[in-house]
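Spelled out from the first residue to the last, the chains are:
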Amino acid sequence: MVDLTLIVENVRDHYFVQLESFVEQELAACTMCSPEVKFQMPAENPIYGDLYCVDFVQNDDGPVVKELAIESGLGFPETSGARSGVEITISTMRWDDVRIQADKPIADEDIDTWFNYWFDAEEVRYDEAKTFGNIIHSALIDGASVSIDFGSSEPRAFWELVDALGDAGVTSITVTYGDGTEVIAD
């Protein structure tokens, strides 16, 4: 059996190497630009907290949002385990498009503290010397599922979300990629 912690770390690393390369190329091609730009979305949209972070904005000739397009995810066998009283099954996973299906509905207050820390809207953890902010890029709750773009966040963000869900009474989750489709192995 493959270790859940190792899967999460490998999925994050697989994505982050691609994000670093993408941002490096974009920074070399512009003069007014920035990675990880946060936006306040219009009210009445499904994005959690009306907050969204794009991968990159180029502003040489007006703002142009650029998002990293991942060609493939990291393949691995379906794996199960537990943490914080939560049974976890990871069938597929892609860091920028994780879907967690829980055994009970998820309320905003179940992930509010977690979201506020990991999105860091007030940029309390912002470090000007670093290219990336160690932040998630978005969250979306839909009944008993939550979809997350984990952005540049470290694997701890995933585990702290599992902990928050466990604290909210969730006892079982299934982790898939976005719409649940299979990820192509490299």
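Remember, predicted model here, so these are calculated numbers, not experimental data.

Definitions and limits used
- Residues numbered from 1 in each chain as written.
- Predicted model: local features only at pLDDT ≥ 70, side-chain atom pairs only at ≥ 80, totals over all residues.
- Heavy atoms only, no water.
- Disulfide = S-S within 2.5 Å.
- Buried < 20%, exposed > 50% of the residue type's maximum accessible area, 1.4 Å probe, protein only.

S.K.: Talk me through the state of the cysteines; I want residue IDs and the actual numbers.
M.R.: A full pass over the atoms with the stated rule returns one disulfide. Residue pairing for Cys30: its cysteine sulfur links by disulfide to Cys33, the two sulfurs lying 2.0 Å apart. Disulfide Cys30-Cys33: the torsion about the S-S bond is 90 degrees, which places it as right-handed. Since its relative accessible area comes to 10%, Cys30 is described here as buried. Classification of Cys33 by relative accessible area gives partly exposed; the value is 23%. No disulfide involves Cys53; its sulfur sits 15 Å from the nearest other cysteine sulfur, which is in Cys33. Of the residues examined, Cys53 reaches a relative accessible area of 0% and is grouped as buried.

It is worth stressing that arrangement in space is one thing and function is another; only the former is reported here.
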